[in-house]
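Architecture and fold: a report
Spelled out, the chains give:
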Amino acid sequence: PRSDCVTAEQLCLSDSTCNATYRTLENCALAKTRLLSLDHDSRVRCLNAELDLGNSSLLHCKCHRRMKRQEHCLRIFWTVHSSLTDAENNCESPLPGTVEHWKTDYNKLAALVSGKNCSQLAGDATNPCLKATHVCNLSKKCFRLRTDYASICTKGAGSEDVCDRRKCHRGLRNFFEKVPEDFTKNILFCPCQDEFCGERRRKTIVPDCSFQYNTKPNCLWLLDSCLEDHICKSRLADFQQNCQPVDMSPDGCPLHNHAACLQAYMGMIGTPMTPNYVRNSSVEVSLWCTCESSGNQKEKCDQILGMFESNKCL
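Nothing here was measured: the structure is a model prediction, and the numbers come from that model. (Residues numbered from 1 in each chain as written. Predicted model: local features only at pLDDT ≥ 70, side-chain atom pairs only at ≥ 80, totals over all residues. Heavy atoms only, no water.)

For the rest of this paragraph, the subject is the pattern of salt bridges. Summed over all chains, the structure comprises 9 salt bridges. E9 serves as the salt-bridge partner of R75, at 3.7 Å between the closest nitrogen and oxygen. Here R75, found in helix 4 (residues 70-80), pairs with E9, found in helix 1 (residues 5-13); they are 66 residues apart in sequence, far enough to count as distant. Notably, a salt bridge pairs E199 with R202, separated by 3.8 Å at the nearest N-O pair. Residue E199 and its partner R202 are located together in helix 11 (residues 195-202), separated by 3 residues, close to a single helical turn. Each of E9, R23, E26 and R75 takes part in a single network of salt bridges with overlapping partners. (Salt bridge = Lys/Arg side-chain N within 4 Å of Asp/Glu carboxyl O. Helix = DSSP H or I, 4+ residues; strand = E, 2+ residues; numbered from the N terminus.)

Take a look at the structure:
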């Protein structure tokens, strides 16, 4: 059975052979993080070290959603897989699928997003997003964590101060990781039929701080920022694995698992590749980036942007 990577690391460090191999991989991962070029012998040594872990629980370990020390766990995962894999190339996700509890109400959620049966599903509230916020406020935990990230992400609003985007993203991740999904998904996916409702839904992610820059950066820059961050890199791999469009599938989703795709999408919020609704009048989402001036990497850039803008599965 797959153990979590923190436990697997402890087991490895207690064995002298595994310990030495793991230390080699740490140096390899460090060199890759610092963009240092390795000579041929060093590359071979890194590859052999990863292969030598074939019988170790480290090779097959995972990091569970909402676990303690998640960032440390993900660092271990990418240390072990640094030589042979890359999130950019659809590496196996370090986050195992755990969305069984979504299956019972996915049809309800789909109806909410599409705006069908709104009066039946959202009650008589004229603004379902406002109602979802009120429901959140009834929970001490939901109210506290939502207030925490909102206060961080709106500092400097209306002045020349620039918000602390890193702290804002951390607050967003805390909210979506620690608050039960019955609250978070209803706030994020509430149905709207007017601009005022759509504006509230769009500002759930506090676009001025967590989503937008003064000018749109190139999407390749966003990708590079993501791959330098263990959390973002892991969640991108999870998103690619669960939301990769499949032309041969009628609904465009691999294994028809919409719930896994929605959960993976929520996981991207609070990372350098935070998505958001593009406008108040639709449920179209995008990254805040452009593919202008991408040169000979234009196709790659379009693919990154297209994962969100024109993804049939999502």
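Inspection of the entire model under this criterion finds 2 cavities of 30 Å³ or more. If you add up the space inside the largest cavity, you get close to 50 Å³. By residue class, the composition of the lining of the largest cavity is 5 nonpolar, 3 polar and no charged. Its boundaries defined by the atoms lining it, the second largest cavity holds a volume of some 30 Å³. When residues in the lining of the second largest cavity are grouped by element, the largest group, 3 residues, is from helix 14 (residues 230-243). Looking at side-chain class alone, the lining of the second largest cavity contains 4 nonpolar, 3 polar and no charged residues. (1 Å grid on protein atoms, 1.4 Å probe; cavity = no way out; pocket = protein on both sides within 12 Å on 5 of 7 lines; lining within 4 Å. Points joined across faces, edges and corners; volume = space filled by probe spheres on them. Nonpolar A, V, L, I, M, F, W, Y, C, P; charged D, E, K, R; others polar.)

A few words on the packing of helix 7 (residues 128-137) against helix 11. As a packed pair, helix 7 and helix 11 sit with axes 8 Å apart at the nearest point and diverge in direction by 45°. In terms of orientation, helix 7 lies oblique with respect to helix 11. Here P128, C129, L130 and T133 of helix 7 lie close against helix 11, whose contacting residues are C197, R200 and R201. A per-class count over the contact of helix 7 with helix 11 returns 4 nonpolar, 1 polar and 2 charged. (Axes fitted to C-alpha atoms, helices over the stretch in contact; angles between N-to-C directions. Parallel < 35°, antiparallel > 145°, perpendicular 65-115°, else oblique. Contact = heavy atoms within 4.5 Å.)

This part covers the state of the cysteines. Inspection of every chain in the model, using the stated rule, returns 14 disulfides. Here C136 is linked by a disulfide to C142, with a sulfur-sulfur distance of 2.0 Å. Between C136 and C142, the S-S torsion sits near -110°, and that sign places the bridge as left-handed. Assigned by exposure class, C136 and C142 land together as buried. Note that C163 is cross-linked by a disulfide to C209, the S-S spacing being 1.8 Å. Classification of the bridge connecting C163 and C209 rests on its S-S torsion, roughly 95°, and on that basis the disulfide is right-handed. (Disulfide = S-S within 2.5 Å. Buried < 20%, exposed > 50% of the residue type's maximum accessible area, 1.4 Å probe, protein only.)

Before going further, it helps to examine the packing of aromatic side chains. According to the stated counting rule, one finds 7 aromatic pairs in the structure shown. When the ring of F77 is compared with that of W78, the centres are 5.0 Å apart and the planes differ by 90°; the resulting orientation is edge-to-face. For F77, a relative accessible area of 3% translates into the label buried. Ring centres 5.7 Å apart and planes at 65° place the aromatic pair F211 and W288 in the edge-to-face group. You can see F211 sitting in helix 12 (residues 207-211) and its partner W288 sitting in the loop between strand 2 (285-286) and helix 16 (298-309), a full 77 residues away along the chain. Aromatic rings pair up to connect Y149, F175 and F176 into one cluster. It is R201 that lies over the ring of Y277; its NZ or CZ is 4.6 Å from the centre. (Phe/Tyr/Trp six-rings, centres within 6.5 Å; stacked < 30°, edge-to-face > 60°. Lys NZ or Arg CZ within 6 Å of the ring centre and 35° of its normal.)

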